[in-house]
Amino acid sequence: FLDIDGVLNSNFWNDTHKREISDGTLIDEDKVMMLGQLIRNTNATVILHSGWRFWFDRDVKPLRREAERLIEMFEKEDIKIDGVTPDHTTEEIRKSKKFSLVKASEILAWISQHDNIENWIVIDDLDLHNEEVRKHQIFTDARIGLTVENICEAERSLM
């Protein structure tokens, strides 16, 4: 289960890009390459549980330019989004932007609807407020995003 903001981008000023990469428009190619390595090494599939999932239609086709760019970058690394988690947000959660309060229930709902899940991880920078999900979570630092250490931990968890 993949989050985007704080994972494939970060909150720091990137020396290469000379601009902040956490505004929802710029994904760090190096982080996508690391994700691609993880996918290839583990044969994992990607289920999007990020707010970015709302930028795709039911068939995971991009609805916004940001989503198109994400797909283009994923295709370079042979990464495919195989699904998205259901939406458990409420009006109050959307207004307060406290999506972390429902992400765990969305992930667990997706898992309960798919009986062939052998092993799973969640890559996210947020505390998802659920002990079961926490056991499977690879925490990224939003200031840095995905790291080699995160990839190694994810590989160990998936093997």
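Note that this is a predicted model, so its numbers are computed, not measured.

What counts and what doesn't
- Residues numbered from 1 in each chain as written.
- Predicted model: local features only at pLDDT ≥ 70, side-chain atom pairs only at ≥ 80, totals over all residues.
- Heavy atoms only, no water.
- Helix = DSSP H or I, 4+ residues; strand = E, 2+ residues; numbered from the N terminus.
- Buried < 20%, exposed > 50% of the residue type's maximum accessible area, 1.4 Å probe, protein only.
- Contact = heavy atoms within 4.5 Å.
- Phe/Tyr/Trp six-rings, centres within 6.5 Å; stacked < 30°, edge-to-face > 60°.
- Polar contact = N/O pair within 3.5 Å; in protein donor to acceptor, adjacent residues only side chain to side chain.
- Expected span 1.5 Å × (residues − 1).

S.K.: Looking at this structure, I do not really get the overall build of the protein chain. What am I missing?
M.R.: Along the protein chain, the regular secondary structure elements total 6 helices and 6 strands. Traced from its N-terminal end to its C-terminal end, the protein chain shows the element sequence β-β-α-β-α-β-α-α-β-α-β-α. Of all 159 residues assigned to the protein chain, the portion counted as buried reaches 47%. Counting contacts in the protein chain only where the partners sit at least 6 residues apart, residues at least 24 apart contribute 59% of the total.

S.K.: I tried to follow the packing of aromatic side chains on my own but got confused; where do I start?
M.R.: To describe a pair of aromatic rings, one takes the distance between the centres and the angle between the planes. Counted according to the given criterion, the structure contains 3 aromatic pairs. Between the aromatic rings of F1 and W110, the centroid separation amounts to 5.5 Å while the plane-to-plane angle is 85°, which identifies the pairing as edge-to-face. Of this pair, F1 sits in the segment before β1 (13-14) while W110 sits in helix α4 (residues 100-112), placing them 109 residues apart in sequence. Judged by its relative accessible area of 11%, F1 is buried. Among the residues examined, W110 registers a relative accessible area of 12% and is labelled buried. Here the aromatic rings of F1 and W120 are separated by 6.0 Å at their centres, their planes lie at 90°, and the arrangement is edge-to-face. Placement of the pair is F1 in the segment before β1 and W120 in the loop between α4 and β5 (122-124), with a sequence separation of 119 residues. Its relative accessible area of 12% is what places W120 among the buried residues. Among the aromatic residues, those joined into a ring-pair cluster are F1, W110 and W120.

S.K.: Help me understand the environment of N119, please; the structure alone is not making it clear to me.
M.R.: Tracing the sequence through the fold places N119 in the loop between α4 and β5. Between the C-alpha atom of N119 and that of L158, which follows or precedes it by 39 residues, the distance is 6.2 Å. For N119, the side chain forms a polar contact with the main-chain oxygen of S157, separated by 2.9 Å.

S.K.: Got a minute to help me understand helix α1 (residues 29-42) in this structure?
M.R.: An α-helix turns once every 3.6 residues. As a result, residues three or four positions apart point the same way. Helix length check: α1, at 14 residues, gives a terminal C-alpha distance of 20 Å against a target of 20 Å (1.5 Å per residue), a fit within 8%. Three or more residues of α1 are buried, namely K31, V32, M34, L35, G36, L38, I39 and T42. Buried positions along α1 lie against β3 (46-48), α2 (65-76), β5 and α6 (148-158). The opening residue of α1 is D28, an N-cap whose side-chain oxygen sits 2.9 Å from the backbone nitrogen of D30.

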